[in-house]
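Here is how the chains run, residue by residue.
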Amino acid sequence: MNCENMDGKITQVPAYAWRVRLDHVFPEKLNQMLKPKLHQIWSFVPLLFRYIWYCVTMWWNGRRVVMNFYAPLTSNQWSGVPLGGIGGGTICRSFRGEFCRYQMRPGFYDYNVVHANQFIVTVQNSEGTVVYQQVLSPLSGAPGGKLSAWKWGFPGDQAKYTALYPRAWTEYNISEQNLRLTCRQISPVIPHNYKDSCVPGGVFVWSVENLGSEVKSISITCTLKNGVGSKQDAQGSCHSEPMDVNRDGVQVAGVQIHQLVDNMDCTYCLSALVKEDVAVSRIVAFDPNGDGSGVWNSLAKNGQLTSQTSDKVGREVACAVCAYVEVPPGNMKTLEFALVWDMPRIHFHLNTKEHYRYYTKYFGKDGEAGPVISHFSLANFSRWEEEISAWQRPILEDLKLPEWYKSAIFNEVYYVADGGTVWLLMDDVESLSSTDPRREFGRFAYLEGHEYRMYNTYDVHFYASFTLSQLWPQLQACLQFDFRDTVLREETEQRVHLFDGKIANRKDINAIPHDLGDPSEEPFVLINAYNIHDVSEWRDLNLKFVLQCYRDYVLSRNVQYLRDMWTQVLAVMSKAETWDTDGDGVIENAGAADQTYDAWIMTGTSAYCGSLWLASLCCVTKMAAILDCPEVAEKYSTLLTKAKASFHKKLWNGQYYNFDSAQRPHSTSVMADQLCGLWYLHACSITDEVFPQANVKSALETIYRLNVKGFRDGKMGAVNGMLPEGTIDDFAIQSEEVWTGVTYGLASLMIFEGMVEEGFHTASGIYETVYNRIGLGFETPEALHHSNSYRSIGYMRPLSIWAIQMAWQRRQQASGE
């Protein structure tokens with residue numbers, strides 16, 4: 001039994017999760033080598049030349065491009081649950097056990113396997129003789145003969161991995177020694193808990209079960225080196241020292257490694273919990289580039305570490321911490337390790353200002369918090385698990401929910417912490433109003449994607465925000481205040497936009513920016529890092545601000561929040577009104593890629609932006625009534641009536657809403673996202689019939705028939721565009737893609753509308769494809785292509801899956817269940 005709490009299920013391997021053996025091979029190996037069609041390429045030729053010049057310029061200035069289309073990442077199909085709380089960096093541990101992806105540098109990733117970061121088991125029999133010693137990884141060894149004294153190659157078919165974020169379980173069956181080991185990885189990512197959720201690090205709890213008939217002495221050793229597995233590891237100074245904390249009845253012993261990561265002070269802390277029956281030993285320093293014989297031979301001698309080692313330490317350093325316990329036959333013991341890091345002060349590439357991470361509010365800013373965080377983690381991990389279990393249990397025990405969904409809904413939350421996320425203290429708190437949540441909760445930002453390096457990309461966050469708004473609503477509020485403060489700003493820096501060569505301001509007044517900046521510049525100061533199109537004229541950004549404001553109010557019922565946003569809401573709506581070029585009450589797209597589908601051109605009235613416009617008019621009317629602004633309410637109510645008639649007249653074809661009103665061949669495309677505005681009206685609990693119910697039912701049935709069931713046998717989500725005769729719309733690259741986050745949003749809308757079975761079936765195609773067929777779990781891509789490729793791994797938009805949970809809960813409440 002893999003359980004320390006014999007009275008409950010809190011620590012058990014969950015019944016519903018994602019699980020594989022350590023030697024698992026995924027059935028499909030895809031990449032990002034998409035081959036666009038000739039007619040799709042033609043419009044991109046000018047962009048290509050401008051993009052080349054942009055790349056050369058960035059290289060010359062020692063910076064990275066915001067989006068690298070020349071060398072996109074191909075997944076190694078190995079990711080697992082990342083370790084670490086929100087905003088302090090993460091380290092991804094693969095399902096095979098490697099520490100393989102480091103997000104320590106703000107906004108950047110280092111995809112490296114660090115072979116010196118391992119767990120080792122040593123077993124002694126009742127006579128004290130070491131009878132078994134093994135690195136607990138199926139890796140065959142480290143490259144270049146490093147750590148050659150270690151025994152590698154644990155049989156992958158004798159171990160299995162289970163992931164239910166923010167925890168993971170790895171079970172090892174060592175039958176020849178009658179042993180079963182279970183490593184439980186725990187990160188403090190806990191909804192509505194802002195102190196614990198910001199802890200940079202996590203805990204590994206090892207359950208050691210002796211299934212034999214004689215006493216065994218077992219030690220688990222964790223080894224850790226400096227750095228992130230890059231060449232920079234050997235370029236900066238680093239040193240290690242012992243660490244001991246004994247306070248409030250909790251004793252912790254381990255090692256600190258002090259180092260520089262991208263010229264920022266960072267301390268790794270590896271420690272173990274000292275208990276009455278557990279002895280902790282350590283080696284403060286060994287050479288991770290040597291053969292590792294000092295560590296290995298010390299363990300092989302008596303199952304514990306000695307401070308003496310023959311390894312000569314160079315510019316890189318590693319340490320080892322061992323926890324040793326005797327386990328009687330038929331018994332189980334636990335050994336607890338903490339891996340945390342302290343990187344309190346960070347800067348971005350331009351280094352014009354210094355920021356403090358949010359966790360320093362609780363643990364200190366002096367760079368000496370590592371031991372305190374280690375002690376806090378080992379003293380509180382049981383409480384973390386209780387809170388995590390209390391959050392997850394109602395969903396896991398809901399017998400009406402599909403099994404795959406119980407895995408997906410939690411595992412997709414990984415991106416809140418692992419999205420290049422920074423959570424910072426505000427440095428100008430006194431200038432903020434008393435109702436500004438950033439005074440208490442700081443500033444939160446995450447990247448659009450691992451490869452699309454822009455913070456808080458707003459058109460995408462519109463979908464992803466369902467996770468924050470329900471689980472960490474104060475972080476959502478802080479993000480909204482950051483965008484609010486940009487509305488009345490004008491950034492007059494002129495720049496050339498890569499798609500059309502247009503020279504325009506970096507940002508116009510009364511426009512919501514696309515993003516809050518690139519970590520290779522100075523985020524929050526230099527906003528709108530996206531430079532392909534002039535986003536100040538994007539039709540969806542302003543409307544998405546309005547809709548999120550009202551959705552968040554509905555969830556919080558905080559009228560002051562609406563008051564704080566009201567001036568900017570009116571400003572962005574005023575600008576949006578100028579996009580109604582023919583005066584019929586509904587806005588028009590400009591025949592450019594002027595919305596989140598930034599390679600899929602809409603002309604005239606479009607179903608996507610038009611539906612967002614109708615929903616925004618409705619929400620502003622509601623806000624005006626709450627804030628006692630009758631003239632505003634009357635204005636937008638009248639405009640809504642006019643806009644509804646125009647929208648229906650221009651786009652409704654008797655079965656669904658046309659893609660746009662341009663009357664081109666692709667204008668009749670069935671867009672999966674055509675009722676996006678209605679989706680948000682449901683989220684806002686608005687029951688007004690903005691879209692006729694009969695139209696909604698027909699449109700969703702058409703989407704389900706064509707975009708879902710008519711695409712890849714209904715097993716890959718919803719393709720963005722399908723022509724009415726049942727062929728994929730290949731007008732643009734994006735029209736023939738499946739967007740994972742859009743599919744989750746569409747599934748939510750179906751459930752809101754009573755199409756529960758259809759909704760879950762639609763969403764299941766994403767999970768089955770991403771997690772079980774192509775091995776991109778914990779780096780869910782933005783897009784899947786029908787021709788066996790994907791685009792942009794590790795993306796923000798799939799966080800929209802929590803809209804499914806909102807829809808499900810609303811239906812349960814309505815039915816009294």
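The structure displayed is predicted, hence computed values, not measured ones.

1. Regarding the sheet that holds strand E28 (residues 737-739)
For step 1, the next point in the chain: Strand order in the open sheet made by the three strands is E28-E29-E30, with antiparallel pairing throughout. Edge positions in the open sheet fall to E28 and strand E30 (789-791), since each of these has one partner strand only. In this sheet, neighbouring strand axes are inclined to one another by 25 degrees on average, regardless of whether the strands run parallel or antiparallel.
For step 2, the next point in the chain: Relative to E30, strand E29 (residues 783-785) runs antiparallel, the two being bridged by three bridges. Across the sheet, His 785 pairs through a bridge with Ser 789, a residue of E30.
For step 3, the next point in the chain: Contacts between helix H18 (residues 740-752) and the sheet are confined to E28 and E29, with E28 contributing the most and set at about 65 degrees to the helix.

2. Considering the side chain of Ser 465
For step 1, the next point in the chain: Checked against the element boundaries, Ser 465 lands in helix H10 (residues 458-471).
For step 2, the next point in the chain: Here Phe 462 takes part through its backbone oxygen, which lies 3.1 Å from a polar atom of the side chain of Ser 465.
For step 3, the next point in the chain: Dropping the residues within four chain positions of it, Ser 465 is found in contact with Gln 476, Gln 548, Arg 551 and Tyr 680.

3. Examining the packing of aromatic side chains
For step 1, the next point in the chain: In total, this model carries 61 aromatic pairs according to the counting rule given.
For step 2, the next point in the chain: When the centroid spacing of 6.4 Å and the interplanar angle of 0 degrees are considered together, the rings of Trp 18 and Phe 26 count as stacked.
For step 3, the next point in the chain: One cation-aromatic arrangement involves Arg 551 over Phe 466; the distance from NZ or CZ to the ring centre is 4.8 Å.

4. A closer look at the sheet that holds strand E3 (residues 90-93)
For step 1, the next point in the chain: Here three strands make up an open sheet; going across it, the order is E2-E3-E4 and the pairing antiparallel. Of all strands in the sheet, those bounded by a partner on one side alone are strand E2 (82-83) and strand E4 (99-103).
For step 2, the next point in the chain: Across two bridges, E2 lies against E3 in antiparallel orientation. Within E3, the residue paired with Pro 82 across the bridge is Cys 92.

5. A word on the pairing of E4
For step 1, the next point in the chain: Counting buried residues in E4 gives five out of five residues, a clear majority hidden from the surface.
For step 2, the next point in the chain: Between E3 and the antiparallel strand that follows it, E4, lie five residues; Gly 97 among them carries a positive phi value of about 110 degrees.

6. Details of the pairing of strand E7 (residues 159-164)
For step 1, the next point in the chain: Summarising burial for E7: five of the six residues are buried, a large majority.
For step 2, the next point in the chain: The pairing of strand E1 (residues 18-21) with E7 spans four bridges and is antiparallel. When the sheet's bridge partners are listed, Arg 21 is paired in E7 with Lys 160.
For step 3, the next point in the chain: The turn linking E7 back onto strand E8 (residues 167-174) is made up of two residues.

Calculation rules
- Residues numbered from 1 in each chain as written.
- Predicted model: local features only at pLDDT ≥ 70, side-chain atom pairs only at ≥ 80, totals over all residues.
- Heavy atoms only, no water.
- Pairing = 2+ DSSP bridges.
- Helix = DSSP H or I, 4+ residues; strand = E, 2+ residues; numbered from the N terminus.
- Axes fitted to C-alpha atoms, helices over the stretch in contact; angles between N-to-C directions.
- Contact = heavy atoms within 4.5 Å.
- Polar contact = N/O pair within 3.5 Å; in protein donor to acceptor, adjacent residues only side chain to side chain.
- Phe/Tyr/Trp six-rings, centres within 6.5 Å; stacked < 30°, edge-to-face > 60°.
- Lys NZ or Arg CZ within 6 Å of the ring centre and 35° of its normal.
- Buried < 20%, exposed > 50% of the residue type's maximum accessible area, 1.4 Å probe, protein only.

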